[in-house]
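# Structural description and commentary
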Number of protein chains: 2
Amino acid sequence: MDDFIDQKVSIIGSGRVATSLAHAFKAQGIFINEIYSRSITHAEKLSRALPGSSATDSLDLSHSESKLFVVAVSDDTIHEVVGQFQPPKGALLFHTSGTVPIEILDTNAGGIFYPLQTFTLNKVVDFKTVPILIEGTDTHAEDVLLSLGSTISNHVKLVSGEERKKLHIAAVFASNFTNRMLAAAEEILQDTSLDLKILEPLVFESIQNAFDFGTDKALTGPAKRGDSKTIESHLKSLDQNPALKSIYDRLTAMITSKFSRPN
Amino acid sequence: MDDFIDQKVSIIGSGRVATSLAHAFKAQGIFINEIYSRSITHAEKLSRALPGSSATDSLDLSHSESKLFVVAVSDDTIHEVVGQFQPPKGALLFHTSGTVPIEILDTNAGGIFYPLQTFTLNKVVDFKTVPILIEGTDTHAEDVLLSLGSTISNHVKLVSGEERKKLHIAAVFASNFTNRMLAAAEEILQDTSLDLKILEPLVFESIQNAFDFGTDKALTGPAKRGDSKTIESHLKSLDQNPALKSIYDRLTAMITSKFSRPN
């Protein structure tokens, strides 16, 4: 931070990302000034958890002492918020979305500060390991955002808008769709005496192997082995669940086409 | 184990499961007697790592002092091995497959001892947390296999053949297909300055949330939010990769149909 560590940050938003970031900044000694939410009740709730901050439902923040304004609202309301925002002179405005392009900031200086993590529950996230991907409207804004990021994370990186977008799609596969695979496993087990928990050691070992040794080496199972007898038997068992059967079929085809020689 | 802890176990097979189990038994003070492999070289290699054991490429084990014989070979060779196996009187024979039914044991007493874990690399597996699913040809065999399992694992459970089969299908989704989702993420990132490792904290947080709080609560992302603008933009970006585009489309449809109200 250097020039900015003594400065105040204001938070536009009161949801999961806003709350997580506000607490992470606060823990690093950064003063949280205004908390904005359309709902003053929501703003007040977060503000109470951050002594010294004040709640507001007005986007006229032209008299704020903050130089940094974090827009952590849902993707489809960023545009509206930026349009109504009245910043003090010299302020930098940045949003936290993996998908919304930097052009949405319009004439505001600032950028994007995208924490690559899932914020889903009342659970404290350890930001130290969370990658934060930065894009700035100019090199000064980038420097400020890189410094701000490095106060809370050890993995802050400058990326282009195109790279951030690809990363967001990759994150959908790696996080949302792996979740859907676990939900599928849960569906399959629903009429048995077994529940999803029994798969926990397998899943963690398998995922850890993928990161440690590469996805190809870590992969096991009937599709990789080219074990068509087991695959056919599994598909037949999924007759009553056409959606899962179709996914099984396609993912198996993708795996077998890659590992076409049985091992 | 009680009656069995002093007895000898013989291992039919020398692959990853055979090796892992042999070492796990040995570590619990169970004596490993014969190691069989079609390839005497392979049998000798594993035998050297287990002092006191002997290597063989003959399935005439009628003179063995073992009472327990673990068949840990690939699914499609279990039948052949069982057909040629000549056991000593009173021996119990069991295989370790999640898919092969108990009937394959033919007239042999014994059962199934299925460790629900991925054995993919030269990596020691901590069996204590690995679920071991048991099915026996009779209650005596079940008791013996439950005892044997409990020497190496804290999660030994009797399941029916039908349940074990469902569990195996569920494991394909939870392990092999989550791996495929990570491989997809890797593909998407291949032309960027980013690699799969950047997604590691996200994936572990997301998976841990799914096990701790349930798959529905842990899920985040554009499909769950009903954010059709982001979904369309992602699909367009995947135009050059029809296989991933199709998977994205289907999994998104499965998620949106479940969470039809935007949140």
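Residues numbered from 1 in each chain as written. Chains lettered and ligands numbered in written order. Predicted model: local features only at pLDDT ≥ 70, side-chain atom pairs only at ≥ 80, totals over all residues. Heavy atoms only, no water.

This part is about the relation of the copies chain B and chain A. Mapping chain B onto chain A calls for a screw motion: a turn of 180° about the axis and a shift of 0.0 Å along it, with 0.0 Å RMSD after fitting. In the structure described here, the two chain copies are related by an operation that fits a two-fold rotation axis. Among all residues of chain B, the one whose C-alpha sits closest to the rotation axis is Thr178 of chain B, at a distance of 2.5 Å. Interface overlap between copies: 100% of the residues of chain B at the interface are likewise at the interface in chain A, consistent with a symmetric, same-surface contact. (Least-squares fit on C-alpha atoms with pLDDT ≥ 70 in both. Contact = heavy atoms within 4.5 Å.)

Pairing between sheet strands relies on hydrogen bonds along the backbone, with the strands arranged either parallel or antiparallel. All names here are of chain B. Reading across from one edge, E3-E2-E1-E4-E5-E6-E7-E8 is the order of the eight strands in this open sheet, with mixed pairing throughout. For this open sheet the edge positions go to strand E3 (54-56) and strand E8 (156-158), each flanked by a neighbour on one side alone. Pairs of neighbouring strands in the sheet enclose a mean axial angle of 25°, with direction left out of account. The pairing of strand E4 (residues 68-71) with strand E5 (residues 92-95) spans four bridges and is parallel. Residue Phe69 lies in a different strand from E5, and its bridge partner there is Leu93. Along the sheet, helix H4 (residues 139-152) contacts E4, E5, strand E6 (110-115), strand E7 (132-136) and E8; its crossing angle with E7, the most-contacted strand, is approximately 165°. (Pairing = 2+ DSSP bridges. Helix = DSSP H or I, 4+ residues; strand = E, 2+ residues; numbered from the N terminus. Axes fitted to C-alpha atoms, helices over the stretch in contact; angles between N-to-C directions.)

Taking the UniProt record as the reference, the feature "domain: DUF2520" (unreviewed entry) is found at residues 130-253 of chain A. Overall, residues 130-253 of chain A shows 70% helix and 6% strand. The separation of its end C-alpha atoms is 34 Å. (UniProt positions renumbered as here; feature names shortened; annotations may be inferred.)

So, about the pairing of E4 of chain B. All names here are of chain B. Burial of the side chains of E4 extends over both faces: Leu68 and Val70 are buried on one face and Phe69 and Val71 on the other. Looking at chain direction, strand E1 (residues 8-12) and E4 are connected through four bridges and run parallel. Bridge pairing links Val9 to Leu68 in E4. You can see the chain leave E4, run along helix H3 (residues 75-84) and come back into E5, and the turn it takes is right-handed. (Buried < 20%, exposed > 50% of the residue type's maximum accessible area, 1.4 Å probe, protein only. Right-handed = clockwise from strand over helix to strand, strands pointing away.)

What follows concerns the sheet that holds strand E7 (residues 132-136) of chain A. Residues and elements named next belong to chain A. Taken in spatial order, the eight strands of this open sheet run E3-E2-E1-E4-E5-E6-E7-E8, and their pairing is mixed. One side of each edge strand has no neighbouring strand; the edge strands of this open sheet are strand E3 (54-56) and strand E8 (156-158). Adjacent strand axes in the sheet meet at a mean angle of 25°, parallel and antiparallel pairs treated alike. Direction of pairing for strand E2 (residues 31-36) relative to E3: parallel, over a ladder of three bridges. Across the sheet, Glu34 pairs through a bridge with Ser54, a residue of E3. Strands strand E1 (8-12), E2, strand E4 (68-71) and strand E6 (110-115) of the sheet are contacted by helix H1 (residues 16-27), whose axis makes an angle of about 170° with E1. Helix H2 (residues 40-48) rests against E2 and E3 of the sheet, and its axis sits at about 165° to E3.

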